[in-house]
Amino acid sequence: MEKHIVNYWILLPILLSGMTGIGLLLSSLRGHIRNKEENVAEKSMADKSLFRLHLLVGIVLVISVVLALLAAWSGERSLTLFYLMDEIPVYFHVDAVGRLFLTITSIVWVTVAFYAFVYMKHEGDEKRFFGFFLLLYSVLVSLDFAGNLITFYFFYELMTLTSMPLVLHSGTKEAIMAALKYLFYSMLGAYCALFGIYFLYQNCDSLTFTAGGTLNAGLTASNSGILLLAVFVMLIGFGAKAGMFPLHAWLSTAHPVAPAPASAALSSIIVKSGVLALIRSVFYIVGPEFIRGTWVQNVWIFLALLTVFMGSMLAYREKVFKKRLAYSTVSQVSYILFGLSLLEPTAMAGSLLHVVFHALIKCSLFMTAGIFIFRTGKTRVDAYDGIGRQMPVTLWCYTFASLALIGIPPTSGFVSKWYLAQGALQSDTGVFRILGPVVLLVSALLTAGYLLPITIKGFLPGKECRVETQKETMDKMVISLLVLAVLAVLLGVLPNPLIQYVGEIAESVM
C-alpha cells in the first residue's frame, strides 16, 4: 500500500469538522454550568453569539465539504491509521462507491445546516445541536472513506453514538424514549453484523473492500451452511439502520420527536449508512455469487418487498405528518434493498440512483414538515388545509418532491424506479421477477395517496381554511428546500452522467 503525503488530505475534513464539533460541545457544556450559577445577562448578547455560531458552523462545514470532495474526486487514495492486528489495518481508501455516498452526504449536510440556522431558534441549545451535527459529519466522511470492514464497523458504531443526541435534543420524555429505542435497535443490528464479521474473518482472504468479494473458495466449500446463516444475520443487522423489517420500528418513533433538521439528516443520510453497509458486505466482501440462488437471497428479496408494501400502507394510514414521512422512508429505502437483493447490474444501478434521489427528495419533504411546524405549530396533515395560500413556494417545492418520490416523469424518482423494475424483469429470481415490479407499482400508488392530498387540500381547501400563519418569507429554510427540490427534478431531466457512473460501479462488482 503506497503512501504519499497527499494522502493525509483524507484526514483534513474529518479533523476540521470533528474537532470543531467537539469544541462546540465543550463550550455548550461550560455554558450550561455557568448559566446555573448566574442566570442573567446572556440574553442581551444572544443574537450576536448566534450569528457568530452560525458563521463558524457555516465556514467550517463548507471548508470541510470542499476538502472532502477534493480528497474524494482527485483520484484513489489510501491512508493507514494504525494496525488493530497484524493483518487488520484501520485504514481509509477512496473508491467509486465512497465518492457517491460522500457527495450526496455533503450536499444534504450543507443544505440542512443552513436550514437549521433558522429552525433551531425555536428548539434552543443550538451550540449543542451544531456540535453533534459537525461531529457526525466527520464520522460519516470516515464511514464513506473506510477501506475495510473493520474500519467501517468502527465508524458505523460511532455514527450511532453521535447521531442519537440529535434525536433526544428536546430532552422531553418522548425524545429520551425514542433515542433509547433508536440506540437499542442500532446496537442490536450492529451486534448481529458483528456475528457475521467473525465468520467472514475466518473465511475471507482479506477484509479489505474488493469488488466482487474476497471469500476464499476453498475454505467456504466446507462451511457454506453456517456461513450463509452468518451472512443472513449480517443482512438483518445492517438492515436495521436501513429500516428493513423486522428491525424497522425505530424510524417511526425517532422522527416525530427529533427536530426537523435531525429528521431530514436521519431519513436522507443515516438510513443510507445501512444501505452502504449492505453494499460493502455483499458486493465487496462476501461476493454476490456466494448467495445467488440461495435461501439467503430469496429471504432478503421477500423481506425487502414486505417492507416496501408495509411501509407504504402504514404511511397511507398515518395522520401525523413527520410520522407519515418516517413510514415512507421505511418503504422507499427498501426499494433500494430490493434492487440490491436481486444481484443484477441494472437493478443495482437503480438502487444506487435511488440512494441519491431519495436522499434529496426525503430531505425536501422533512424540510417542508419542519417549515409547516415552525410556522403553524401544527403536526397533523389535516391541519394544513389552505396552507398553500400563505406558503405557496414551500408547498410547490413539496409537490415537486412528492411527484419525484412517486416516480412521475420527468422527475428523478421515475429514472431510479424504471431501472429497478427493468432489473427485476431481467433477473433470474423466479416469482420475484414479476412480483417485484407489481409491489413497486402498488407502493407508488399508495405513495401518491399519502403525499398528494396535502398538496390538493393545501391549494384547494374548499370552504374552510384552517391554517392561521403569516405569509412565508424567502429565508434560509425556504431557500434550502428550493435547492433540493430543484435538484430532485433536474437530476431526472439530466440523469445520464449519474447513470453512467452507477452503471460502472454495478458492472464492476457483478
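This text follows the structure it describes.
Residues numbered from 1 in each chain as written. Predicted model: local features only at pLDDT ≥ 70, side-chain atom pairs only at ≥ 80, totals over all residues. Heavy atoms only, no water.

(A) Molecular detail of the pairing of strand 1 (residues 78-85). As judged from the six bridges shared by strand 1 and strand 2 (residues 88-93), these two strands associate in the antiparallel manner. Opposite Leu 79, over in strand 2, you have Phe 92 as the bridge partner. Connecting strand 1 to the antiparallel partner strand 2 that follows it, the hairpin turn spans two residues. (Pairing = 2+ DSSP bridges. Helix = DSSP H or I, 4+ residues; strand = E, 2+ residues; numbered from the N terminus.)

(B) The packing of helix 10 (residues 260-286) against helix 13 (residues 321-341), seen in detail. Where helix 10 meets helix 13, the closest approach of the two axes is 11 Å, and the angle between their N-to-C directions is 20°. Taken together, the axis directions place helix 10 and helix 13 in an arrangement best described as roughly parallel. Viewed along their axes, helix 10 and helix 13 form a crossing whose handedness is right-handed. Counting all contacts with helix 10, which are made through Ala 260, Ser 263, Ser 267, Val 271, Lys 272, Val 275, Leu 278, Ile 279 and Phe 283, the residues of helix 13 involved are Lys 322, Thr 329, Val 333, Ile 336, Leu 337 and Leu 340. Of the residues belonging to the contact of helix 10 with helix 13, the class tally is ten nonpolar, three polar and two charged. (Axes fitted to C-alpha atoms, helices over the stretch in contact; angles between N-to-C directions. Parallel < 35°, antiparallel > 145°, perpendicular 65-115°, else oblique. Left-handed = near helix turned anticlockwise from the far one by under 90°. Contact = heavy atoms within 4.5 Å. Nonpolar A, V, L, I, M, F, W, Y, C, P; charged D, E, K, R; others polar.)

(C) Structural context of a nonpolar patch on the surface. Among the surface-exposed residues, Phe 309, Met 313, Leu 425, Val 431, Ile 434, Leu 435, Val 438 and Val 442 lie close enough to one another that they form a single nonpolar patch of about 630 Å² accessible area. Looking at the nonpolar patch, the elements with two or more residues in it are helix 12 (295-317) and helix 18 (432-459). Here the nonpolar patch gets four residues from one element, more than from any other, and that element is helix 18. Judged by relative accessible area, Val 442 falls into the partly exposed class, the value being 33%. (Patch = residues over 30% accessible without salt bridge, like charges linked within 9 Å, V, L, I, M, F, W, Y side chains within 5 Å. Areas by Shrake-Rupley, 256 points an atom, 1.4 Å probe, with all protein chains shown as cover. Salt bridge = Lys/Arg side-chain N within 4 Å of Asp/Glu carboxyl O. Buried < 20%, exposed > 50% of the residue type's maximum accessible area, 1.4 Å probe, protein only.)

(D) Structural context of the pattern of salt bridges. Applying the stated criterion across every chain, the model contains five salt bridges. For Asp 382, the salt bridge identified is with Arg 380, shortest N-O distance 3.5 Å.

(E) Local environment of a positive patch on the surface. Taken together, the side chains of Arg 30, Lys 48, Arg 52 and Lys 127 present a region of like positive charge at the surface. Along the polypeptide, Arg 30 turns up in helix 1 (residues 11-37). (Lys, Arg positive; Asp, Glu negative; His and termini not counted. Charge placed at Lys NZ, Arg CZ, Asp CG, Glu CD.)

(F) Just the packing of aromatic side chains, in detail. Taken as a whole and judged by the stated rule, the model has 27 aromatic pairs. The interplanar angle of 80° and the centroid separation of 6.3 Å between the aromatic rings of Phe 152 and Phe 209 together place this pair among those described as edge-to-face. With Phe 152 in helix 5 (residues 149-167) and Phe 209 in the loop between helix 6 (173-203) and helix 7 (217-220), this residue pair connects regions lying 57 residues apart in the sequence. Clustering of aromatic rings is evident, with ring pairs tying together Trp 109, Phe 114, Phe 117, Phe 129, Phe 130, Phe 133 and Tyr 137. (Phe/Tyr/Trp six-rings, centres within 6.5 Å; stacked < 30°, edge-to-face > 60°.)

(G) Spotlight on the pairing of strand 2. Judged by how many residues are buried, strand 2 sits mostly within the fold: six of six residues are covered. Side chains Ile 88, Val 90 and Phe 92 of strand 2 all project onto a buried face; the interleaved residues Pro 89, Tyr 91 and His 93 project onto the opposite face, where all are buried too.

(H) Here's a closer look at the nonpolar core. With 177 residues, the main nonpolar core has Leu 200, Val 275, Ile 279, Ile 291 and Trp 300 as its most contacted residues. Among the elements that take part in this core, helix 14 (residues 345-376) stands out by supplying 19 residues, more than any other. For Ile 279, the residues in contact, after removing those within four places along its chain, are Val 97, Phe 101, Tyr 284, Leu 340, Met 348 and Leu 352. (Core = buried A, V, L, I, M, F, W, Y, C linked by side-chain atoms within 4.5 Å.)

(I) Just the packing of helix 8 (residues 224-241) against helix 10, in detail. Put simply, helix 8 and helix 10 touch, their axes get as near as 6 Å, and they point 155° apart. By the angle between their axes, helix 8 is roughly antiparallel relative to helix 10. Two secondary-structure elements touch here, helix 8 through Val 231, Met 234, Leu 235, Phe 238, Gly 239 and Lys 241 and helix 10 through Ile 270, Val 271, Ser 273, Gly 274, Ala 277, Leu 278, Ser 281, Val 282 and Val 286. Tallied by class, the residues present in the contact of helix 8 with helix 10 amount to ten nonpolar, four polar and one charged.

(J) Seen up close, the side chain of Ser 142. By the element assignment, Ser 142 lies in helix 4 (residues 126-145). On the basis of relative accessible area, Ser 142 is assigned to the buried category, the value being 2%. Look past the residues within four positions of Ser 142 in its chain and what remains in contact with it is Ile 14, Phe 92 and Phe 155.

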